[in-house]
Amino acid sequence: MDKREAVRVPVRVPALCKAQGVVIDGTVEDLSRTGLFLRASEVMAEGSSAEIHLNLPGEPPLQLSAEVVRVEHTEERAGMGLRIVHDAQDCRPLANFIMRQHATLR
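1. Focus on the side chain of E29
Its location among the elements puts E29 in strand 2 (residues 22-31). In contact with E29, other than residues within four places in its own chain, are V9, P10, V11, R12, F37, R39 and R77.

As structure tokens, this is what we get:
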């Protein structure tokens, strides 16, 4: 079994990933308080810093700092695994959304 630092919940949330003047439009397909997977046709290199813009249902728009930790580019799945870099910003909207999503999956 895959042990993760935080519970991941499946979602389908549109997102923008911005870094160094590049904007990648994609869909977040799983999300936790520490990371997410962004399905997108374009990817950035591992180790890249990025800004993620999410419009979570029932929450105000959310802007997160992240680092690319994994890149997948296969016919079945293309995108990036991103680790959320927690800083001074308030991540309560993200935590609230994850708790609601997790509760609906039970």
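Having seen it, we continue.
2. Concerning the sheet that holds strand 2
In any sheet, the strands associate via hydrogen bonds between backbone groups, in a parallel or an antiparallel arrangement. Taking strand neighbours around the barrel as the criterion, the six strands line up as 1-2-3-6-5-4 in a closed arrangement whose pairing is antiparallel. If you compare each strand with its neighbour and ignore which way they point, the axes differ by 45° on average. Relative to strand 2, strand 1 (residues 9-19) runs antiparallel, the two sharing nine bridges. What sits directly across from V9, in strand 2, is L31.

3. Remarks on the pattern of salt bridges
Counted under the stated rule, the structure contains six salt bridges. For D30, the salt bridge identified is with R8, shortest N-O distance 2.7 Å. On the criterion of sequence distance, the pair formed by D30 in strand 2 and R8 in the segment before strand 1 is long-range, its members being 22 residues apart. For R8, a relative accessible area of 27% corresponds to the partly exposed category. Among the salt bridges present, the one from R77 reaches E29, with a minimum N-O distance of 3.4 Å. Residue R77 is found in the loop between strand 5 (62-73) and strand 6 (78-85), and its partner E29 is found in strand 2; the two are separated by 48 residues along the sequence. Judged by its relative accessible area of 23%, R77 is partly exposed.

4. Describing the pairing of strand 4 (residues 49-54)
The side-chain alternation of strand 4 yields one buried face, formed by A50, I52 and L54, and one unburied face, formed by S49, E51 and H53. For strand 1 and strand 4, the ladder comprises four bridges, and the chain directions are antiparallel. Following the sheet pairing, C17 is matched in strand 4 by I52. Across six bridges, the pairing between strand 4 and strand 5 is antiparallel. When the sheet's bridge partners are listed, I52 is paired in strand 5 with L64.

5. Section: the environment of E72
With respect to the helices and strands, the residue E72 is situated in strand 5. Under the relative-accessibility criterion, E72 is labelled partly exposed at 22%. Along the backbone, E72 and F37 are 35 residues apart, and their C-alpha atoms lie at a distance of 9.9 Å. Aside from chain neighbours lying at most four places away, what touches E72 is F37, V43, R77, A78 and G79.

Scoring rules and cut-offs
- Residues numbered from 1 in each chain as written.
- Predicted model: local features only at pLDDT ≥ 70, side-chain atom pairs only at ≥ 80, totals over all residues.
- Heavy atoms only, no water.
- Helix = DSSP H or I, 4+ residues; strand = E, 2+ residues; numbered from the N terminus.
- Contact = heavy atoms within 4.5 Å.
- Pairing = 2+ DSSP bridges.
- Axes fitted to C-alpha atoms, helices over the stretch in contact; angles between N-to-C directions.
- Salt bridge = Lys/Arg side-chain N within 4 Å of Asp/Glu carboxyl O.
- Buried < 20%, exposed > 50% of the residue type's maximum accessible area, 1.4 Å probe, protein only.

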